[in-house]
Amino acid sequence: MRSPTHTGPFADAAPPLDAAPARDVPPRDAAPPRDVPPRDAAPPRDGDLPERRAPRPWDRARRALPFALAIALVAFVLGRLDVDAFRAALSRVDAPLFGAFAALFILALLGADTFATVLVYRRLIAPVAFRDFFVLRGASYLPSLLNHHVGQAFITVFLARAHGVPLARVAGATLVVYASWLGCLLLLGAVAVPANGGPLAGSALLLAAGVLYLAVLALRPARLARTKLLAPLFEAGVRGHLVALAARVPHLLVLFVGTWLPFWFFGVRIPLGAALTYIPILMVAVTLPLTPQGFGTRDVLAAALLEGFAAGVTREERLAAIAATTTTWAVALTLVEAALGLALLRGVLPHMEAKDPTAAAPAGAAPTGAQREPA
């Protein structure tokens, strides 16, 4: 009898007597088991996202929590308002001018952010072109609608894929970007505290936190410096961080102005000295991963901090002017960022996927941070 699993001239030969019993062999065209990857499957590249598993009920609840919190906070703010005063505050604003200001702000913010961030990635990852990162950063505005850090994760993963750099290293370079941003906020706070009559000890405490961080970088503890995630921080060093901080100042100024001036459209005129104290609080609150785009958190904080600067005879009128500012500005930014992010996302995905990782650095160029071993 012909063996079903053998062909050729020896197909009819009987098996030897001492041969082990034949095992069941699956047909060659049978699909592999679900938990075993196919033999010809390409190995995962560093920077690839892990395979998604089916979300569990807790995962769904955790993802829905920021949206639920935003709805609750906005409802809390609007529930305390006089509806007629709120409508009156909205009717006083020049809508076309306000929308044009929002669009101009987003473009200026994108340019300043790209300028500061691309310097860090060029130093530590690869020679990223300004135009490429401008498009990538703008495309990240779409996932950033969930919160700021989702957009940063989007950038980190795509840079790792595009330049063939380990994901941990790109994440470490992103930490340098965060450090430059936090350093700017510390300096802003150190200036704002005494400007508003606060104690100099407060400024000294803020500056001491920054000096302590730079001291750790200068000392380069071996255990931390050898960590893949933290190695880029120590490679940048004190000088690299100071350069990144200086490059971040224009971005900070644009964001400050874009958080401060929208209140003036609604008669909430905050003096510069007070703005240096309160506006940074709103700037930080919006980036916290509590609610999408800072909805709710911005409204509650603004009502608590800025009521005294709003025009209006009654408290209801003042709160209405602040709520009209925060809700309208949040909606305007969301619409502009969504439109810009969607438009640029269609261009960045094919471009980043098609980029050859082996061509990340031009021939003869000095080794990039991705090709050097940590010192």
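Caption draft 1: Layout of the overall build of the protein chain. Secondary structure summary: the protein chain contains 12 helices and zero strands in total. Helices (α) and strands (β) of the protein chain occur, in sequence order from the N terminus, as α-α-α-α-α-α-α-α-α-α-α-α. Residues classed as buried in the protein chain amount to 39% of the 375 residues present. Residue pairs at least 24 apart in sequence account for 72% of intrachain contacts in the protein chain once pairs closer than 6 positions are excluded. Accessible area for the protein chain stands at about 21,400 Å²; split by element, carbon and sulfur atoms hold 68% of it.

Caption draft 2: Region of the structure containing the packing of aromatic side chains. For the structure shown, the criterion picks out 12 aromatic pairs. Here the aromatic rings of Phe101 and Trp329 are separated by 5.6 Å at their centres, their planes lie at 35°, and the arrangement is tilted. Residue Phe101 is located in helix 3 (residues 95–124), and its partner Trp329 is located in helix 12 (residues 315–354); the two are separated by 228 residues in the primary sequence. Here the two residues Phe101 and Trp329 agree in accessibility, since each one is buried. Grouping aromatic residues by their ring pairs yields a cluster made of Phe98, Phe101, Phe105, Phe265, Phe266 and Trp329. The ring centre of Phe158 lies 5.9 Å from the NZ or CZ of Arg161, which sits over that ring.

Caption draft 3: Summary view of the environment of Ala311. Assignment of secondary structure puts Ala311 in the loop between helix 11 (297–306) and helix 12. Along the backbone, Ala311 and Gly267 are 44 residues apart, and their C-alpha atoms lie at a distance of 5.6 Å. Look past the residues within four positions of Ala311 in its chain and what remains in contact with it is Gly267, Glu317 and Arg318.

Caption draft 4: Looking closely at the side chain of Gln152. Positionally, Gln152 belongs in helix 5 (residues 148–163). If sequence neighbours within four positions are ignored, Gln152 has contacts with Arg137, Thr174 and Tyr178.

Caption draft 5: Just the pattern of salt bridges, in detail. A full pass over the atoms with the stated rule returns six salt bridges. In this structure, the salt-bridge partner of Glu235 is Arg169, at a minimum N-O distance of 2.6 Å. Of the two residues, Glu235 sits in helix 9 (residues 231–260) while Arg169 sits in helix 6 (residues 167–195), which places them 66 residues apart along the sequence. We classify Arg169 as buried; its relative accessible area is 9%. Residues joined by salt bridges that share partners form a network here, namely Asp113, Arg137 and Arg248.

Caption draft 6: Main features of empty space enclosed by the protein. Evaluation of the coordinates by the stated rule reveals one cavity of 30 Å³ or more. When its volume is computed, the largest cavity comes out at roughly 30 Å³. In this structure, the largest cavity is lined by Val77, Arg80, Leu81, Ala303, Leu319 and Ala323. Of the residues assigned to the lining of the largest cavity, the class counts are five nonpolar, no polar and one charged.

Caption draft 7: Seen up close, a negative patch on the surface. On the surface, Asp82, Asp84, Glu316 and Glu317 cluster together into a patch of negative charge. Here Asp84 is to be found in helix 2 (residues 83–91). Residue classification places Asp84 among the exposed residues on the basis of a relative accessible area of 56%.

Caption draft 8: Fine view of the side chain of Thr259. The residue Thr259 is located in helix 9 in this model. Residue Thr259 is classed as buried on the basis of its relative accessible area of 17%. Beyond its immediate chain neighbours, meaning those up to four positions away, Thr259 contacts Ile279, Leu282 and Met283.

Caption draft 9: Examining unusual backbone geometry more closely. Residue Arg220 is not a glycine yet carries a positive backbone phi of 50°. With respect to the secondary-structure elements, Arg220 resides in the loop between helix 7 (200–219) and helix 8 (222–225). Note on Arg220: relative accessible area 30%, which makes it partly exposed.

Conventions used here
- Residues numbered from 1 in each chain as written.
- Predicted model: local features only at pLDDT ≥ 70, side-chain atom pairs only at ≥ 80, totals over all residues.
- Heavy atoms only, no water.
- Helix = DSSP H or I, 4+ residues; strand = E, 2+ residues; numbered from the N terminus.
- Buried < 20%, exposed > 50% of the residue type's maximum accessible area, 1.4 Å probe, protein only.
- Contact = heavy atoms within 4.5 Å.
- Areas by Shrake-Rupley, 256 points an atom, 1.4 Å probe, with all protein chains shown as cover.
- Phe/Tyr/Trp six-rings, centres within 6.5 Å; stacked < 30°, edge-to-face > 60°.
- Lys NZ or Arg CZ within 6 Å of the ring centre and 35° of its normal.
- Salt bridge = Lys/Arg side-chain N within 4 Å of Asp/Glu carboxyl O.
- 1 Å grid on protein atoms, 1.4 Å probe; cavity = no way out; pocket = protein on both sides within 12 Å on 5 of 7 lines; lining within 4 Å.
- Points joined across faces, edges and corners; volume = space filled by probe spheres on them.
- Nonpolar A, V, L, I, M, F, W, Y, C, P; charged D, E, K, R; others polar.
- Patch = residues over 30% accessible without salt bridge, like charges linked within 9 Å, V, L, I, M, F, W, Y side chains within 5 Å.
- Lys, Arg positive; Asp, Glu negative; His and termini not counted.
- Charge placed at Lys NZ, Arg CZ, Asp CG, Glu CD.

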